[in-house]
Amino acid sequence: MFVQTYTPIVPIGWSVLLGILPLFILCILLVIGWLKPAIIYGLVLLLTAGLAGTVWKMPVSMITSTVFYGILFALFPLFYMIWSSIFLFHVADKCGYINRIKNTLKTAEEGIEWKVLLVGFGLTAFIDSTAGFLAPVAIVTALLVQLGVEPRKSAIATLSSSAIPAVFGAVGVPVILLSQVTGQSLAETIRQVAFFDIIPAMAAPFITCAATCGISSTRKFFKQIFIGGFSYAAATLLSVLFVSPYLGAIVGAGVYVVVIFLLGKRQGIFTGNLSAEMWIKSWWPFVLLTVFISVWNLPFLQSILGMVGQGWPIPLLDQHIMTEDPFGHGVISVSWKNNFLASPGTAIILASLFTALTSGMGLLNWIRMLFSSLRSVGMVAFNLSMISSVGFLMVYSGIAGTLAYPFGHLAAGYMVVAPLMGWLGTFLTGSNAASIALFGGMQAYAAKITGLPAVGIAACFAVAAVGGKMIAPQALEVAVKSSGMDSSSEAKLLRKLIVFSLLVPCLSIVVIVMWKLFGTE
């Protein structure tokens, strides 16, 4: 039995400094940009493993088993869902649906406000909720430029719009990861994240319009923005709670696009004569996606499909690690379940197959795309494996507990620290999922020592983390390239968006303070 220790070196300050060293080096290397992210994550994993073995005295066999588990968990369910979403998007693009969607979103309005509201936020949020990562920034930035929006404003619109949906983005991957690294139930994690996301979701279109078009335009279009923001937040919340967490942001973005289009149509902004049938034909792959995931999430079908999967206790980890005071005396269970059939990723793969078969692509072409897409996203799988392994290694070795230890004297003050920590993690890594993998485990430990509800702190942390995506170096680089600006524009975009980026953790702090004062766990 490996018993975690949180003060391997006395005084505690030296232990904290050593524990934070991998994260500090990660930050420095990512900011400097001398090495590729894959190399950086690999080096950080080696450093974390070395510290876990030499300072925190974790046996080498358990370190190896933890890395193995991190890779397994990264490949399934995380990478499986991400890859299936990206593959569906590629199939839809190959079949011409992305161009059809673009045509449904065209506007005759000379000003940019409607384009920013409908295309900038609506389409960006929709693509982020399906493919995730940097796909919406790359695609929609170029589209806005084609629609006559100047490059700088196009980049600002997509960068600010890609943040908020990320908490349930890529069909809910960040929430699944949050539940795993914090040891909380998935159902309760989903419920709490949905609650903390309400106000940021309502504010999202306001942030996009204010950042892109200015305060005066935001006041002028207040009614449309409010209705759109309310519809997006309400549809996301209801879908997450009563349909499926994997569809939350997808349904929210879809409802938002329809609402904004109808508002514009009523005012004569959109001149195209688009029937409901034409809309369904244009958005057909994502209609299939919604149907398949909804059916896949039915309890009786999940129980049948779940019988195929089998849970595998991880050797040398499951029931082999014990926590110590002040985090209680508990034995940690670690298992991996290979329930591929029950996964939403399988439903997404089937949606892509039906898209291909109903669009004339053919089965053989679909199969060729399936294997070629795996090769194109191989680096994503590697990066996820490295980041996931670092996160689990910090949790199981006791490093996360050591880093959380100093926050004990903060008590309720940690409600301010957690959101800012999430924001910083996403800013550095460019991914909400990566931020959760690196810092998520620490939230559970910090909540125990500060006396705050663990699931609430973790949910607030995850929602606030998305704000950092607006100004992540990787996102800025993609936005600049897609808009045709020169590389010096990245600094200008950063200065413009940093205040709006910080609004997200600030809103999260307000929500968690209100929740602590007036709510119950």
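Residues numbered from 1 in each chain as written. Predicted model: local features only at pLDDT ≥ 70, side-chain atom pairs only at ≥ 80, totals over all residues. Heavy atoms only, no water.

A.B. asks: Let's hear about the sheet that holds strand β3 (residues 321–322): which residues, and what values?
C.D. replies: On the basis of which strands lie adjacent, the open sheet formed by three strands has the order β1-β3-β4 and mixed pairing. The two strands at the open ends of the sheet, each matched to only one other strand, are β1 (2–3) and β4 (331–332). Sheet topology note: the β3/β4 ladder contains two bridges and is antiparallel. By the bridge assignment for β4, methionine 322 is matched with valine 331. (Pairing = 2+ DSSP bridges. Helix = DSSP H or I, 4+ residues; strand = E, 2+ residues; numbered from the N terminus.)

A.B. asks: Can you tell me about the pattern of salt bridges, naming the residues and giving the values?
C.D. replies: Close approach of charged atoms allows side chains of opposite charge to pair. In the structure shown here, the tally under the stated rule is two salt bridges. Aspartate 128 is paired through a salt bridge with lysine 469; the nearest N and O atoms lie 2.7 Å apart. Here aspartate 128 is found in helix α5 (residues 113–130), whereas its partner lysine 469 is found in the loop between α23 (454–465) and α24 (473–483), with 341 residues between them in sequence. A relative accessible area of 1% places aspartate 128 in the buried class. For lysine 469, a relative accessible area of 5% gives the class buried. (Salt bridge = Lys/Arg side-chain N within 4 Å of Asp/Glu carboxyl O. Buried < 20%, exposed > 50% of the residue type's maximum accessible area, 1.4 Å probe, protein only.)

A.B. asks: Give a detailed account of the confidence of the model for the chain, specifying residues and quantitative values.
C.D. replies: Of all residues in the chain, 95% attain a pLDDT of 70 or more, and the chain-wide mean is 85. Mean pLDDT values over the elements of the chain span from 78, in helix α14 (residues 276–282), up to 94, in β1. (pLDDT = per-residue confidence, 0-100.)

A.B. asks: Help me get a handle on a nonpolar patch on the surface, residues and values and all.
C.D. replies: Taken together, the side chains of Trp14, Leu17, Ile20, Phe24, Ile28, Ile32, Trp34, Leu35, Ile39, Leu43 and Leu46 make up a nonpolar region of the molecular surface, amounting to roughly 1200 Å² of accessible area. Among the secondary structure elements, those contributing two or more residues to the nonpolar patch are α1 (12–32) and α2 (37–54). Element by element, the count of residues in the nonpolar patch is highest for α1, at six residues. Here leucine 46 is to be found in helix α2. Given a relative accessible area of 62%, leucine 46 falls into the exposed group. (Patch = residues over 30% accessible without salt bridge, like charges linked within 9 Å, V, L, I, M, F, W, Y side chains within 5 Å. Areas by Shrake-Rupley, 256 points an atom, 1.4 Å probe, with all protein chains shown as cover.)

A.B. asks: Any details on the packing of aromatic side chains? Residues and values, ideally.
C.D. replies: Per the counting criterion, the structure on display carries 25 aromatic pairs. On the basis of an interplanar angle of 15° and a centroid distance of 6.2 Å, the ring pair of phenylalanine 222 and phenylalanine 226 is categorised as stacked. Of the two residues, phenylalanine 222 and phenylalanine 226 are both situated in helix α12 (residues 222–242); the distance of four residues between them amounts to about one turn of the helix. Given a relative accessible area of 46%, phenylalanine 222 falls into the partly exposed group. A cation sits over an aromatic face here: arginine 100 above tyrosine 97, 4.7 Å from the ring centre. (Phe/Tyr/Trp six-rings, centres within 6.5 Å; stacked < 30°, edge-to-face > 60°. Lys NZ or Arg CZ within 6 Å of the ring centre and 35° of its normal.)

A.B. asks: So what's going on with the packing of α1 against α2? Which residues, and what values?
C.D. replies: A pair of packed helices is captured by two measures, namely the crossing angle of their axes and the spacing between those axes. Close contact between α1 and α2 brings their axes to 9 Å; oriented N to C, the two are set at 170°. If you check the angle between α1 and α2, you find them roughly antiparallel. Where α1 approaches α2, its residues Leu18, Leu21, Pro22, Ile25, Leu26, Leu29 and Leu30 are matched on the opposing element by Ile40, Tyr41, Val44, Leu47, Thr48 and Leu51. (Axes fitted to C-alpha atoms, helices over the stretch in contact; angles between N-to-C directions. Parallel < 35°, antiparallel > 145°, perpendicular 65-115°, else oblique. Contact = heavy atoms within 4.5 Å.)

A.B. asks: Please give an account of the packing of α5 against helix α13 (residues 248–266) that cites residues and values.
C.D. replies: Running from N to C, α5 and α13 point in directions that differ by 160°, and their axes come no closer than 8 Å. Classified by the angle between their axes, α5 and α13 sit roughly antiparallel to one another. In this structure, α5 meets α13 at a crossing whose hand is left-handed. When α5 is examined against α13, the residues Trp114, Leu117, Leu118, Phe121, Gly122, Leu123, Ala125, Phe126, Ser129 and Thr130 are found in contact with a partner set consisting of Ala249, Ile250, Ala253, Gly254, Tyr256, Val257, Ile260, Phe261, Leu263 and Gly264. Split by residue class, the contact of α5 with α13 holds 15 nonpolar, five polar and no charged. (Left-handed = near helix turned anticlockwise from the far one by under 90°. Nonpolar A, V, L, I, M, F, W, Y, C, P; charged D, E, K, R; others polar.)

A.B. asks: Can you break down helix α21 (residues 414–429) residue by residue, with the values?
C.D. replies: Taking 1.5 Å of rise per residue, the 16 residues of α21 would be expected to cover 22 Å, and the 22 Å separating its terminal C-alpha atoms lies within 8% of that figure. In terms of burial, α21 is largely enclosed, as twelve of its 16 residues are buried. Within α21, burial applies to Tyr414, Met415, Ala418, Pro419, Met421, Gly422, Trp423, Gly425, Thr426, Phe427, Leu428 and Thr429. On its buried face, α21 is in contact with α1, α2, α22 (432–450), α23, α24 and α25 (489–518). Two residues or fewer after α21 comes glycine 430, characterised by a positive phi angle close to 80°. (Expected span 1.5 Å × (residues − 1).)

A.B. asks: Before we move on, can you summarise the nonpolar core with the specific residues and values?
C.D. replies: Ranked by size, the top nonpolar core spans 192 residues in total, and within it Met58, Tyr69, Phe286, Leu317, Trp366 and Tyr396 carry the most contacts. Looking at this core, the element that brings in the most residues is helix α3 (residues 60–94), giving 20 residues. Apart from the residues lying within four places of it in its own chain, the contact partners of tyrosine 69 are Gln180, Ile314, Leu317, Val334, Ser335, Trp336, Phe392 and Tyr396. (Core = buried A, V, L, I, M, F, W, Y, C linked by side-chain atoms within 4.5 Å.)

A.B. asks: If you had to explain the side chain of threonine 158 to someone new, which residues and values would you point to?
C.D. replies: Checked against the element boundaries, threonine 158 lands in helix α7 (residues 151–161). In this view, threonine 158 contacts Thr124, Pro136, Val137, Val140, Thr141 and Leu144; residues no more than four positions away in its chain are not counted.

A.B. asks: Let's hear about the state of the cysteines: which residues, and what values?
C.D. replies: The full count for this structure, using the stated rule, is zero disulfides. With no disulfide partner, cysteine 209 has as its closest neighbouring cysteine sulfur the one in cysteine 213, 4.3 Å distant. With no disulfide partner, cysteine 460 has as its closest neighbouring cysteine sulfur the one in cysteine 506, 11 Å distant. (Disulfide = S-S within 2.5 Å.)

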